[in-house]
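# Coordinates in review
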Amino acid sequence: MAHDTNITDLAGIGIGPFNLSLAALADGVSGLCCAFFERKPAFSWHPGLAFADSTMQTSYLKDMVTPVQPTNEWSFLNFLVSHQRFYDFMAARFDTVSRQEFTQYMAWVAHGLPACQFDANIREVDHDGQSFRLWGDNGEITSARAISVGTGPVPYVPEGTPVGPDCFHGISYLNRAPAVAGRRVAVIGGGQTGAEIVLDLLGKRDGPAELTWLSRRSAFWHLQEGGLIDQIYTPGYGETYRALPLDVQTQILADQKLSSDGLTPETADAVYQMIYRRQHLEGRGGVTLRPGRTMTGLRKNGPAFALTARSAADEMEVIHADVVILATGFRTVLPECLAPLAPRLERGPAGELKLAHAYRAVWDGPQDAPIYGLNHGRRSHGIGDPQLSLTAWRSAMILEDLAGRPLFSALREVPAGLVDWAGAATRDEMRISA
Ligand SMILES: Cc1cc2nc3c(=O)[nH]c(=O)nc-3n(C[C@H](O)[C@H](O)[C@H](O)COP(=O)(O)OP(=O)(O)OC[C@H]3O[C@@H](n4cnc5c(N)ncnc54)[C@H](O)[C@@H]3O)c2cc1C
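Residues numbered from 1 in each chain as written. Predicted model: local features only at pLDDT ≥ 70, side-chain atom pairs only at ≥ 80, totals over all residues. Heavy atoms only, no water.

## Details of the sheet that holds strand 10 (residues 210-214)
- Here we have five strands laid out as an open sheet, ordered 8-15-9-10-11, and parallel in their pairing. The open sheet terminates on both sides in strands that have one partner only, identified here as strand 8 (167-169) and strand 11 (287-290). Along the sheet, successive strands turn relative to each other by an average axial angle of 15°, direction set aside.
- Two elements, strand 9 (residues 184-188) and strand 15 (residues 323-326), share four bridges in a ladder whose sense is parallel. Residue pairing across strands places V185 opposite V323, the latter belonging to strand 15.
- Taken strand by strand, helix 6 (residues 192-203) contacts strand 9, strand 10, strand 11 and strand 15, and its axis lies near 170° from that of strand 10. (Pairing = 2+ DSSP bridges. Helix = DSSP H or I, 4+ residues; strand = E, 2+ residues; numbered from the N terminus. Axes fitted to C-alpha atoms, helices over the stretch in contact; angles between N-to-C directions. Contact = heavy atoms within 4.5 Å.)

Here is the structure:
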C-alpha cells in the first residue's frame, strides 16, 4: 500500500479483543501505519460480568497473536514471562485461565501498543472520495485509507422491556449490584451468562428469597466440547463453511449452537450443587428452574414486575419478581458512527455488515478503501467468528489484504485439520477460480 504520511493506513474503531489482535499483529509490520480508537478511558473486557472465578471458554494459546505468529512479543506467554509469573502460572495447573487474568493480559497489550488510543469516541465516519475521515467528540481525529469496525455486539433487550435499576441486561450485573436480599429475582436466559449470574446470586450471604431461572431452551444444556467438535473452530473448516449454500449454512449454524453457547460443565455443576444443598441440606428452597419457557411479556406491576411465559406445552405462566435480570444475549448491529456510510453498505438479514473476501464489507466505495468487519461474520464465516479461536487468523488475513503482500507464513497453507469435511475437496478449485 502506498504511504502518505498524513493518512493512516488503517483506523480501527473500538478496542475489544478483535481490533486488539489486529493492532498487536500490525505492530510488527513495517511500512504499515495503523491507529485504533476506544471510547473507554482504559481497556476492560465485559467488566459487568467479571466474576472472580469466571474462566475462559477458549485456550490461552488462542490469544491475540499466537495462532499465526507465536514469536510475536504480544503473546499470553510473553505476558506471563514479562510479569515474572510463568513458573507460578504453570505450577498452578489451571485447566482454563481466568477471565480476570486474560483481561490483564489484553490490557497489557492494549496499553503497551502506541497505536491504541483511549478516551477516543468515534462519533462519525465518512468517506470523501479519497479517504475515510473519523470524527470524534472534538472534531476530526484522523483520515485513513481503510477502517476496521470492531465495536462489538450490543446487549439484546426485548422491545418494551421496562428497563430500570431493577430490570436490566446482565452485561452490567456487577456494576449495578442490584439489591436482592430477601427479594424475588428472575433471571431470563439459559446460557452461560445466565448461569454465572444465578451462581453468584445463590452464593450471596444475603441472597434472594426466591430465585427463578427461566430458559427458552428445553433443558439447561451444557457446552459441547472436545477435539472432534473443536475442529469447527479451525481455519480449514472456515473455508469449507464459506463454500456452502446459504440454507445449509443456516441449518449448520443452528446445529452447532451449543458448541459455543452452552453452559460450561463446571458452572452448571456448581449451580446444581448449590441448589441441592439449599433444598435438601438447609431446607430453604425458593429456587425454581424453568426451562422450555419463552418469555412473552414483561411489565411493571406496582413496584414489582409481572413476567409472562409460554411453556413447551403451550401453557401460559405468570412469574412475579422484584428484580429481573436479562441474560438474553447480544446482537450484531451497525454502529451509529457508520450512519453516514449506511446507505452505501450491503447488510445481512440481522443488519450486520455483509462480508466478502478478507472480511471486507460489501459497499459501493472504491476498491482501495476497504471496510473490515470484525464480529459481523457469524452467518457468512461461521460459528467461530464471534469468539477468539480464529481471531488472530482473521487479523492476519486482514493485514495481508491491507498490505497487499504476504506477511504471515502460517497463512501460506491452510491446515487441513483432522476431519475430511464435505466440500473440502473443492478448496483447491475454489482457490484457482478466485
Ligand atoms: C462475558 C463474556 C465472556 C466471553 N468469554 C469468551 C471466551 O472465553 N472465549 C471466547 O472466545 N469468546 C468469549 N466471549 C465472546 C467474545 O470473545 C467477546 O464478546 C469479545 O469481547 C468480542 O470482541 P469485540 O472486539 O468484537 O467486541 P467488544 O469486546 O465488545 O469490544 C468493542 C469495543 O468497542 C468500543 N466501542 C464501541 N463503539 C465505539 C466507538 N464509536 N468509538 C470508540 N470505541 C467504541 C467499546 O467500548 C468496546 O470496548 C465472551 C463474551 C462475553 C459477553
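## Digging into a negative patch on the surface
- On the surface, a cluster of negative charge is made up of D95, E225, D230, E266 and D269.
- Residue placement: E225 occurs in the loop between strand 10 and helix 7 (227-230). (Patch = residues over 30% accessible without salt bridge, like charges linked within 9 Å, V, L, I, M, F, W, Y side chains within 5 Å. Areas by Shrake-Rupley, 256 points an atom, 1.4 Å probe, with all protein chains shown as cover. Salt bridge = Lys/Arg side-chain N within 4 Å of Asp/Glu carboxyl O. Lys, Arg positive; Asp, Glu negative; His and termini not counted. Charge placed at Lys NZ, Arg CZ, Asp CG, Glu CD.)

## Some thoughts on the site of the ligand
- Close to the ligand lie 28 residues, the nearest being E38, W45, Q57, T58 and L388.
- Interatomic distance of 3.2 Å between a side-chain N/O atom of K40 and an oxygen atom of the ligand.
- In isolation the ligand offers 990 Å² of accessible surface; the protein chains occlude 88% of this area.
- Tallied by class, residues from the shell around the ligand come to 13 nonpolar, eleven polar and four charged. (Near = heavy atom within 4 Å. Polar contact = N/O pair within 3.5 Å; in protein donor to acceptor, adjacent residues only side chain to side chain. Nonpolar A, V, L, I, M, F, W, Y, C, P; charged D, E, K, R; others polar.)

## Points about the pairing of strand 5 (residues 132-136)
- Alternating residues of strand 5 divide into F132, L134 and G136, all buried, and R133 and W135, none buried.
- Pairing analysis gives four bridges linking strand 4 (residues 124-127) to strand 5, with the strands arranged antiparallel. The partner of H127 across the bridge, within strand 5, is F132.
- The hairpin turn running from strand 4 into strand 5, its antiparallel successor, is four residues long, and G129 in that turn takes a positive phi close to 95°.
- Summarising the sheet, strand 5 and strand 6 (residues 139-149) pair through five bridges and their orientation is antiparallel. By the bridge assignment, F132 is partnered in strand 6 with A144.
- Between strand 5 and strand 6, which pair antiparallel in sequence order, lie two residues. (Buried < 20%, exposed > 50% of the residue type's maximum accessible area, 1.4 Å probe, protein only.)

## Focus: the domain arrangement of the protein
- You can read the domains of the protein as domain 1 (8-153 + 332-433) and domain 2 (157-223 + 262-326).
- On a C-alpha basis, the centres of domain 1 and domain 2 stand 33 Å from each other.
- Residue-level contacts link nine residues of domain 1 with 13 residues of domain 2.
- For the domain 1 and domain 2 pair, buried surface summed over both sides reaches about 840 Å², with 61% attributable to carbon and sulfur atoms.
- Among the residues of domain 1 in contact with domain 2, L49, F51 and Q57 are the three that bury the most area, contributing 60% of the side total.
- Linking domain 1 to domain 2 there are one salt bridge.
- A salt bridge links R99 to E196; the nearest nitrogen and oxygen atoms lie 3.0 Å apart.
- Partitioning the side of domain 1 that touches domain 2 into residue classes produces four nonpolar, four polar and one charged. (Domains from an automatic or database assignment. Buried area = accessible area lost by both parts, 1.4 Å probe.)

## Some remarks on the nonpolar core
- If you look at the biggest cluster of nonpolar residues, it comprises 72 residues, and the most contacted ones within it are L20, F102, V125 and I147.
- Residues within four places of I147 in sequence aside, it is in contact with L10, A11, I13, V125, F132, L134, L338, P370, I371 and Y372.
- Grouped together as the second largest cluster of nonpolar side chains are 23 residues, L199, L201, L211 and V323 included. (Core = buried A, V, L, I, M, F, W, Y, C linked by side-chain atoms within 4.5 Å.)

## Thoughts on the pairing of strand 12 (residues 293-301)
- Where strand 12 lies against strand 13 (residues 304-311), eight bridges are found, and the strand directions are antiparallel. Opposite G297, over in strand 13, you have T308 as the bridge partner.

## Description of the sheet that holds strand 14 (residues 316-321)
- Sheet architecture is open: three strands sit in the order 12-13-14, paired in antiparallel fashion. Edge positions in the sheet fall to strand 12 and strand 14, since each of these pairs with one other strand and no more. Neighbour to neighbour, the strand axes of the sheet diverge by 20° on average, direction disregarded.

## Section: the packing of aromatic side chains
- A complete count under the given rule lists 19 aromatic pairs for this structure.
- Where F102 meets Y105, the ring centres are 5.2 Å apart and the plane angle is 55°; that geometry is what we call tilted. Of this pair, F102 and Y105 both sit in helix 4 (residues 99-112), three residues apart, which is roughly one turn of the helix. The pair F102 / Y105 is uniform in exposure class, with both members buried.
- Three or more aromatic residues link up through ring pairs in this structure, and these residues are W45, Y60, W74, F76, F79, F89, F94, F102, Y105 and W108.
- In this structure, K300 packs its charged tip against the face of F305, placed 4.5 Å from the ring centre.
- Cation over ring: R394 sits above F18, and NZ or CZ is 4.4 Å from the ring centre. (Phe/Tyr/Trp six-rings, centres within 6.5 Å; stacked < 30°, edge-to-face > 60°. Lys NZ or Arg CZ within 6 Å of the ring centre and 35° of its normal.)

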